[in-house]
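What the coordinates show
Below are the chains, spelled out letter by letter.
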Amino acid sequence: MPFELFVALRFLREGRGQTALILAGTTVGVAVIVFLTALIGGLQDTLIDQTLSSQPHVVLMRPERVPRVLPPPPGTALAALVERAPERERSVEQWQQVLASVRETPGVLAATPMASGAAFASRAEVSRSVSIRGVEPESFDAVIRIAGTVREGRYRIEGGECLIGTELATALGLAVGDRLRLATAEGRADLFTVTGLFDIGSKEVNERWVLVSLRSAQTLLDLSGGITAIEAKVRDVFEAERIAQALGARTGLASDSWMRSNKRLLDGLRSQSASSYMIQTFVILAVALGIASVLGVSVIQKSREIGILKATGTSTGTVMRIFLIEGGIVGVVGSVAGGALGALLSFVFQLSVTNPYGESLFPIALSPRLFLVAGLVATATGLAAAWLPARRAALLDPAVVIRNG
Amino acid sequence: MAEAVLRLEGVVKDYGDGQVPTRVLHGVDLELGKGEFTALVGPSGSGKSTLLNLMGLLDRPTAGRILLAGQDTGRLDDAGLTRIRGRTVGFVFQFHHLLPEFSALENVMIPMMADKGRPDPSMAECAGHLLGQVGLSAHLHKRPGQLSGGQQQRVAIARALAMNPRIVLADEPTGNLDTHSADEVFALLRNMGVRTGVTFLVVTHDPRLADRCDRIVELVDGRIVSDRPNVKG
């Protein structure tokens, strides 16, 4: 064991009260950082998760056709009144190739074709305006986790089968196995058997979505083998906008991302993160001041010992390293204890604050990275906070210390 | 005179802020030979401790040269001074100045560990042997707080000899002890001087103890007023 470590450990061990105080301060500081970050991170994850439960991260559509006015001949003026023609052809061209290319794009986890349009769903005399969503069940579930939200029946959409939300089922008085009529404004209609009821956590989606097979939707919406959009899920949700723009530029399709359509949520999350960083900064500052002041007091108390060490051949650099090691040890031990305490606090809080169904209201997001960062911050803080006291110790004049007894 | 271990040439020491410096030592010349056992006496405020700090390289002179084991110490930087101090000079202070956090054995090992950078078993063996020589074999693992004043000073003597120094500087080593312990500790110092051949310089107020040294140097107002061999020593 190096001499500096030997002396630093002994000083820490023998100054029990001080060491306990300084360790408690660092531990609580690290625990607060871990707990708050886990809590805020957990809340943000949940918010994002809930927001994205019923929408894809990225959507690619056929771009809108914008009518152009031909330039008038030279020397003439033109007053043009442009009326947009109704969009008949809405299908994405060459969608199979585009879909394959989207799936191969780095950062994209899954992509699915979508044929959607408006229709009326009716049973007996009751009807509701709905959104037909023609999907490939497997790839659609990979983009929007819906199979797990099926409350009754099964997640199966083949031929004349459909899946509807629980709210629509209530409105139309439908149960699994009942038949439902879907009719478009153009007059095409078909009958579908309800195979399952889903509850995706959004009232609007539960009321409006009718999931049918891709082929059925293409027939009903007169898309003749085409699709209206490609929907994709990405690995890092905050990369969605960048990927959407890149995909839009590459395919020539209009692109959209959840980040654009949920700008307010994103702004809210950003300000929440900013306040979290502020809290962490002040906690780190408080921990640093705590370590520096206790080590500072310790240097003053130990000035006699430092003088003796220097008089008996210990170099200035060695004395400095002794106090830096003390700060580093406090940082490391405080990080480990604080990490454990922070994790414990998080779990206790998660278990104790629940809704009437026993589900936690405060989900937490603990990751190894969080512990690593908190630990590194505390250790660096310990070293930085020890710097000034260590310098002071190193510069002590042994002759003065010894003369003063 | 025997080979010089320490030589002071015209050593001057001023204290103060430069505007009105106070001269504490006025051109001190002194030579201490190998194995000599010298007493430095003088009234309070005569500059004894200042002279001792300069000899021990704990402080630098304002003017003059200090040669330790033939080396001009004025040319050394702080790290060089620390190194040569650690290897050549042993200290025994009035208030023993042991580290309360460490056992007697560890206190004796400190200079060796500071020099080598890490503890090793041979150091414990050497420190144990030294503590045995000062009669503390039974107290190796006791902390300074568990030892009497005389025993603490014995540990300090063992520590001063730990690096096998060329010279041991003792500042009132018995000043804090009762007469019986003072006699014992002084006898031990004398005995260790004879056994090891190390040069000893002992600052003392006690004429009875000074009388037991080979040579008596008297300092008054920062000047050596007498330097004589002591036949009784």
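Residues numbered from 1 in each chain as written. Chains lettered and ligands numbered in written order. Predicted model: local features only at pLDDT ≥ 70, side-chain atom pairs only at ≥ 80, totals over all residues.

Let's talk about the overall build of chain A
- Secondary structure summary: chain A contains 14 helices and 10 strands in total.
- A buried classification covers 40% of the 405 residues belonging to chain A.
- For chain A, long-range pairs separated by at least 24 residues make up 80% of all intrachain contacts whose partners lie at least 6 apart in sequence. (Helix = DSSP H or I, 4+ residues; strand = E, 2+ residues; numbered from the N terminus. Buried ≥ 20, exposed ≤ 12 C-beta atoms within 10 Å, placed from the backbone. Contact = placed C-beta atoms within 7 Å.)

Focus: the confidence of the model for chain B
- Of the residues in chain B, 97% have a pLDDT of 70 or more, and the chain-wide mean is 87.
- Predicted as a complex, the structure gets a pTM of 0.68 and an ipTM equal to 0.80. (pLDDT = per-residue confidence, 0-100.)

A closer look at the interface of chain B and chain A
- Between chain B and chain A, the residue contacts involve 26 residues of the former and 21 residues of the latter.
- Elements with a minimum of two residues in the side of chain B that touches chain A: α1 (48-55), α2 (78-88) and α3 (104-116) of chain B.
- Broken down by class, the residue content of the side of chain B that touches chain A amounts to 13 nonpolar, 6 polar and 7 charged. (Nonpolar A, V, L, I, M, F, W, Y, C, P; charged D, E, K, R; others polar.)

A short note on unusual backbone geometry
- Backbone geometry at Q94 of chain A places phi at a positive 50°, although glycine is not the residue there.
- For Q94 of chain A, the location among the structural elements is in the loop between β1 (58-61) and α3 (95-103).

With respect to the packing of helix α2 (residues 16-52) of chain A against helix α13 (residues 368-395) of chain A
Residues and elements named next belong to chain A.
- It is at 10 Å that the axes of α2 and α13 come closest, and there the two elements cross at 150°. α2 and α13 meet at a crossing whose hand is right-handed. In this structure, α2 uses T26, G29, V30, I33, V34, T37 and A38 to contact α13, whose residues at the interface are L370, F371, A374, A378 and G382.
- A class-by-class count of the residues in the contact of α2 with α13 yields 8 nonpolar, 4 polar and no charged. (Axes fitted to C-alpha atoms, helices over the stretch in contact; angles between N-to-C directions. Left-handed = near helix turned anticlockwise from the far one by under 90°.)

Some words on helix α1 (residues 3-14) of chain A
- Between its first and last C-alpha atoms α1 of chain A spans 16 Å; for 12 residues at 1.5 Å apiece the expected length is 16 Å, and the two agree.
- Among all positions of α1 of chain A, only F3, E4, V7, A8, F11 and L12 of chain A are buried. The arc enclosing the buried residues of α1 of chain A, seen along the axis, measures out at 160°, which places them on a common side.
- On its buried face, α1 of chain A is in contact with α2 and α12 (316-352) of chain A together with α3 of chain B. (Expected span 1.5 Å × (residues − 1). Arc of directions from axis to C-beta.)

Here's the deal with the environment of Q146 of chain B
- Looking at the element boundaries, Q146 of chain B is found in the loop between α4 (121-133) and α5 (149-160).
- Sequence separation between Q146 of chain B and P100 of chain B is 46 residues, and the spatial gap between their C-alpha atoms is 9.7 Å.

Quick look at the sheet that holds strand β9 (residues 215-220) of chain B
Residue and element names in this part refer to chain B.
- In spatial order, the strands read β6-β7-β8-β3-β9-β10; together these 6 strands make up an open sheet with mixed pairing. Each end of this open sheet is capped by a strand with a single partner; those strands are β6 (89-92) and β10 (223-229). Taken pair by pair, the neighbouring strands of this sheet meet at an average axis angle of 20°, ignoring direction.
- Judged from the 4 bridges that link them, strand β3 (residues 37-41) and β9 form a sheet pairing that is parallel. Across the sheet, T38 pairs through a bridge with R215, a residue of β9.
- Running over the sheet, α5 touches β6 and β7 (167-171) and is turned about 175° from β6. (Pairing = 2+ DSSP bridges.)

Some thoughts on the confidence of the model for chain A
- For chain A, per-residue confidence averages 85 on the pLDDT scale, and residues scoring 70 or more make up 96% of the total.
- Per-element confidence in chain A ranges from a low mean pLDDT of 68 for helix α14 (residues 398-403) of chain A to a high of 95 for strand β8 (residues 209-213) of chain A.

Things to note about the pairing of β3 of chain B
Residues and elements named next belong to chain B.
- Counting buried residues in β3 gives 5 out of 5 residues, a clear majority hidden from the surface.
- Both faces of β3 are covered, namely the face carrying F37, A39 and V41 and the face carrying T38 and L40.
- Judged from the 4 bridges that link them, β3 and strand β8 (residues 199-203) form a sheet pairing that is parallel. Residue L40 lies in a different strand from β8, and its bridge partner there is V203.

Observations regarding the packing of α1 of chain A against α12 of chain A
All names here are of chain A.
- Between α1 and α12, the shortest axis-to-axis distance is 8 Å and the interhelical angle comes to 55°. Of the possible angle classes, the one that applies to α1 and α12 is oblique. Handedness of the crossing formed by α1 with α12: right-handed. Counting all contacts with α1, which are made through F3, E4, L5, V7, A8, F11 and L12, the residues of α12 involved are T318, R321, I322, I325, E326 and I329.
- Per-class residue counts for the contact of α1 with α12 are 9 nonpolar, 1 polar and 3 charged. (Parallel < 35°, antiparallel > 145°, perpendicular 65-115°, else oblique.)

A look at the environment of Q272 of chain A
All names here are of chain A.
- Mapped onto the elements of the fold, Q272 is located in helix α10 (residues 263-301).
- Residue Q272 is classed as partly exposed on the basis of its 15 C-beta neighbours within 10 Å.
- Taking the C-alpha atoms as reference, Q272 lies 9.9 Å from L43; in sequence the two are 229 residues apart.
- Look past the residues within four positions of Q272 in its chain and what remains in contact with it is I40 and Q44.

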